[in-house]
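# Analysis of the macromolecular model
The lines below spell out each chain.
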Amino acid sequence: MLLAHSRFRARIAALTIVSLLGSPVAPIVGAQAPPAPGQAGAADEAPPDGGWPRGYTTASGATLVVYQPQVASWADLKHAVLYAAVAYTPRGGTAPALGTVRVESDTSVALDERLVSVSEFRITESNFPTLQRDQLRTVVEEIRAAVPLDERVIALDRVLVNIDTSQIIPKNVVGVKADPPPIFFSRTPAVLVNLDGEPVWAPIPGSDMRSAVNTNWDLFEHGPTKTYYLHSDRIWLKAADVNGPWGPAGDLPASFKKLPDDGNWTEVKASLPGRKVSASQAPRVFVSFEPAELILLKGEPSYVAVQGAGQLLWVGNTDSDVFRLGRTGLVYFLVAGRWFSAPEFTGPWTFATPTLPAEFKQIPLEHERSRVLASVPGTTQAAEAVLLAEIPQTASVSRTLQAPEVAYQGGAPEFQPIETTAVQRAVNTDKDILKVGDLYYMCFQGVWFMSRTPTGPWEVTGEVPRSIYEIPVSSPSHAVTYVTVQESHDDAVVFATAMAFTGVMIAWGCVVWGTGYYYRPYVWYGPYPIYYPRYPTYGYGAAYNPWTGMYTRGAVAYGPYGGAGAVSRYNPRTGTYSRGAVAYGPYGARGAAEAYNPRTGAYGSTRQGSNVYGSWGTTGVQRGDRWATTSRYTDRITGTTTRTTRTGAGRAGVSRTGPGGAAAVGRTASGDLYAGRDGNVYRKQGDSWQKYGNGGWSGVEQPMPQRRQQAQERPAPTARERASTPGWDPATAGQVKRDSAARAEGAQRTRDASRVRSGASKRTGSYRPSGGVRRR
């Protein structure tokens, strides 16, 4: 197979990440002791890369301890240069040799697992001052051989903290819009009924009622009385007009008891007869026929000062991201990655991202809504979000992969031209089907297919016309321009899909949700109305999740089915609508509706579900990040983290490093060790730094004599000379101290990511879900 990591498949018999355990008498300085069961950081919070340092036993019986690599560069997110301190003890030896290695490797990223693979690493430099040249060659060879392929991973958060975000230049998508949507406001319980255009009513079999299929609510029309009914949190409301006014429904028509028992109406029938409320207890109902947003407060605004951010106040009694600059200043509302401001909560609203006050950059990471930093241009978090959005998802797709079914409503395919291009798009189908010349192309879940007729047969293609990639953002088909062909072979095609395909765009130096355009739905009024939504930018309270790099869509005030967009999905195979969590998407993607992504057919509000290729299965589509899809557990007695995976033969391989063995090496080479670019090993003891040389540690408080820098004609010092020279040069001092700070920050972030992943923390809207020391 052509997948980047497929060459591992036949070579891997076991997949293990080792946690290096220290002795109760002499623990490894810098290694974390295993937490007790039930404590924060216990098994459900194991780091995704297994933790550092790591111990190995080589084929010759020698022991290795590899300390956490320090990332020097990550060019184009594809090639990394790293340095690492290493302790090597030959078999029978009593004292380890300490040294450094410089490593280069092409990388692969698994966003769901928050892992970076450096599987094909090469050691390009090595410095072990106490070893002879032939011994050094042996050590390098043993390091390469001892580290299993599947353990050559680093937590993504440990890598990101080393990136100089000031060098990230966002590639803004041309044409993305920021026109304010209708924004409603309420201090009392309220709901927002978004209708995608005028109501599209579908008859309910065996009933005298119809249901609206182009909304995210249980909205019904009772035929005999021409009364409309709306279900909200076990409360039933009614109105004589869809626009309202809405009030308590009282007794419901008997027709509700006759809803079909086909699974589509389970949630509705469970809510019958409903909770009786008075008119004052009923929620206020806002209705919009275009995508709108709602700011819902629990009473009067609760202003909370944002520590260290001047006059900036957070409105803490709403699920929306709302801030205010002083109690009488402008109100700022963040939705879909765009800031809007207004003199009052009721508007009028204007786009504000490019003109945000400087106070927004001062929001601390520990703030409950620090996720908004990703939408503040110029912040580290905004640059990092852009970086994550530029990491492509890849898959190797067999040319024999079966294409999805294609159905055109009303009979013949209907194509319309796409402005500024020579491409036409089919409008009466739920698929992205394009016509270029005499050929037809379909992009479905990150895979391109081609046919000579609009109805098929379809086959996987490795050739996509250039004109398709000229489709502007004003077209509903613009998303397909982010699916590209990386490699094309006789048996398979490798596709790469940018995050913009799923809706995460880059604009104004930040990541935003959607293009800002309202693509009107396709509606066909035949004997049975057919509705195909185009998934607008607004209408679902889209908010950025810093732990997935994705936007989640859904809030209770936007409908009981979360961020699914519309409660019903038309299935062309059955000719009927499926509702709720029964079968979202025409090909059966299942699950809770929160954070549903219409382009991936996937779900998940905290981590899983962002991969475009996740719904295809594995028969014909091999995901580029499948090297990271392993099972993990942590032994609650020993604290050892183990990862297992199935081999091609179907057997699971497991290996561990326990309290002895390689861990003993770490005890003799104690300390949280760092590799200096000068080839030396450094450690921090208390408030001072030390360098290893001549078999021991010495302080490096003073810089090297300046005369060494001035004597340009003098040959560069050898590794042995550097090791025996007291002090360190300013460049090395700065580098090691930066690496030390980055290691601490990376460890904190990795722990936080694990807490979010395990469910130990629900503060997914914060960059510091576990709190901790404030660090900008």
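All figures in this text were calculated on a predicted structure; none of them were measured in a lab.

## Thoughts on the overall build of the protein chain
In terms of regular secondary structure, the protein chain is built from eight helices and 50 strands. Classification of the 776 residues of the protein chain by burial places 58% in the buried group. Counted over contacts in the protein chain with a minimum sequence separation of 6, partners at least 24 positions apart contribute 61%.

## Points about the environment of V86
Secondary-structure assignment places V86 in strand β4 (residues 79-89). A relative accessible area of 2% places V86 in the buried class. Excluding residues that lie within four positions of it along the chain, V86 makes contacts with L64, V65, A97, L98, G99, V101, F128 and I143.

## A closer look at helix α4 (residues 380-389)
Spacing of three or four residues puts side chains on the same side of an α-helix, whose turn is 3.6 residues. Counting buried positions along α4 yields nine of ten residues, so the element is predominantly enclosed. Of all the positions in α4, only Q381, A382, A383, E384, A385, V386, L387, L388 and A389 are classed as buried. Buried residues along α4 sit in contact with β3 (70-75), α2 (156-160), β35 (504-507), β36 (510-513), β39 (543-545) and α8 (730-758).

## Observations regarding the sheet that holds strand β29 (residues 432-436)
Judged by pairing direction, the sheet is antiparallel, and its six strands sit side by side in the order β27-β28-β29-β30-β31-β32 without closing on themselves. Where the open sheet ends on each side, the last strands, each with one partner, are β27 (415-417) and β32 (459-460). As paired strands, strand β31 (residues 447-451) and β32 are joined by two bridges and run antiparallel to one another. Bridge pairing links F449 to V460 in β32.

## Focus on the sheet that holds strand β43 (residues 621-623)
Pairing between the strands of a sheet is mediated by backbone hydrogen bonds and can be parallel or antiparallel. If you walk across this open sheet you meet the four strands as β33-β34-β26-β43, and the pairing is antiparallel. The open sheet terminates on both sides in strands that have one partner only, identified here as β33 (483-488) and β43. Adjacent strand axes in the sheet meet at a mean angle of 25°, parallel and antiparallel pairs treated alike. Bridge count between strand β26 (residues 393-398) and β43: three bridges; the pairing is antiparallel. Its bridge partner being in β43, A395 is matched across the sheet by R623.

## Looking at the pairing of β29
For β29, a buried count of four out of five residues is recorded, marking the element as mostly surrounded by other parts of the structure. In terms of strand pairing, strand β28 (residues 424-426) meets β29 through two bridges, oriented antiparallel. Bridge pairing links Q424 to K435 in β29. Between β28 and β29, which pair antiparallel one after the other, the connecting turn spans five residues. Inspection of the sheet shows β29 paired to strand β30 (residues 439-444) by five bridges, in the antiparallel sense. Across the sheet, V436 pairs through a bridge with L439, a residue of β30. The turn linking β29 back onto β30 is made up of two residues, and G437 within it adopts a positive phi angle of 65°.

## Concerning the nonpolar core
Most often, soluble globular proteins keep nonpolar side chains buried together rather than apart. Membership of the largest hydrophobic core comes to 87 residues, with the highest contact counts inside it found for W74, F128, F323, W339, F360, L387 and V511. When residues of this core are assigned to their parent elements, the largest contribution, six residues, is made by α4.

## Some points on unusual backbone geometry
In this structure, P273 follows L272 across a cis peptide bond, with omega equal to 0°. Residue placement: P273 occurs in the loop between α3 (266-270) and β18 (284-288). Positive phi, close to 55°, is recorded for D76, a residue that is not glycine. Looking at the element boundaries, D76 is found in the loop between β3 and β4. For D76, a relative accessible area of 66% translates into the label exposed.

## Quick word on the environment of M499
Locating M499 in the fold gives a position in the loop between β34 (492-497) and β35. Each C-alpha atom of the pair M499 and G549 lies 9.2 Å from the other, and the pair is 50 residues apart in sequence. In this structure M499 touches L111, L388, A389, V504, G549 and M550, once residues within four positions along its chain are discounted.

## A look at the packing of aromatic side chains
Applying the stated criterion across every chain, the model contains 23 aromatic pairs. Ring centres of Y674 and W689 lie 5.6 Å apart, and the angle between their planes is 65°; on these two criteria the pair is classed as edge-to-face. Here Y674, found in strand β47 (residues 673-675), pairs with W689, found in strand β49 (residues 688-693); they are 15 residues apart in sequence, far enough to count as distant. Judged on exposure class, the residue Y674 and its partner W689 are both buried. If you follow R54 out to its NZ or CZ, it ends over the ring of W52, 3.6 Å from the centre. One residue, R743, lies across the ring of Y674, its end atom 3.9 Å from the ring centre.

## Digging into the side chain of N428
Mapping N428 onto the fold places it in the loop between β28 and β29. On the basis of relative accessible area, N428 is assigned to the buried category, the value being 1%. For N428, the side chain forms a polar contact with the main-chain oxygen of Q409, separated by 2.9 Å. Filtering out sequence-adjacent residues up to four positions away, N428 remains in contact with A407, Y408, Q409, A412, P413, E414, Y522 and Y532.

## Observations regarding the pairing of β4
Within β4, ten of the eleven residues are buried, which leaves the element mostly enclosed by the surrounding structure. Across four bridges, strand β2 (residues 63-66) lies against β4 in antiparallel orientation. Of the residues in β4, the one forming a bridge with V65 is A87. A loop of three residues connects β3 with β4, the two strands running antiparallel in sequence, and D76 in this loop sits at a positive phi of about 55°. In this structure, β4 lies alongside strand β5 (residues 97-106), joined through ten bridges in antiparallel fashion. Paired with Y88 across the two strands is A97, which belongs to β5.

## A look at the confidence of the model for the protein chain
Do not read the fine detail of predicted coordinates wherever pLDDT is low. Looking at the protein chain as a whole, the pLDDT averages 81, with 77% of positions reaching at least 70. Across residues 1-44, where pLDDT falls below 50, the model places 118 contacts with residues more than four positions away in sequence or in other chains.

## Structural notes on α8
With 29 residues, α8 ought to run about 42 Å at 1.5 Å a step, and its terminal C-alpha atoms sit 42 Å apart, in line with that. For α8, the capping residue at the N-terminal end is D729, with a side-chain oxygen 3.1 Å from the backbone nitrogen of A731. Positioned one or two residues after α8, G759 has a phi angle of 90°, which is positive.

Calculation criteria
Residues numbered from 1 in each chain as written. Predicted model: local features only at pLDDT ≥ 70, side-chain atom pairs only at ≥ 80, totals over all residues. Heavy atoms only, no water. Helix = DSSP H or I, 4+ residues; strand = E, 2+ residues; numbered from the N terminus. Buried < 20%, exposed > 50% of the residue type's maximum accessible area, 1.4 Å probe, protein only. Contact = heavy atoms within 4.5 Å. Pairing = 2+ DSSP bridges. Axes fitted to C-alpha atoms, helices over the stretch in contact; angles between N-to-C directions. Core = buried A, V, L, I, M, F, W, Y, C linked by side-chain atoms within 4.5 Å. Phe/Tyr/Trp six-rings, centres within 6.5 Å; stacked < 30°, edge-to-face > 60°. Lys NZ or Arg CZ within 6 Å of the ring centre and 35° of its normal. Polar contact = N/O pair within 3.5 Å; in protein donor to acceptor, adjacent residues only side chain to side chain. pLDDT = per-residue confidence, 0-100. Expected span 1.5 Å × (residues − 1).

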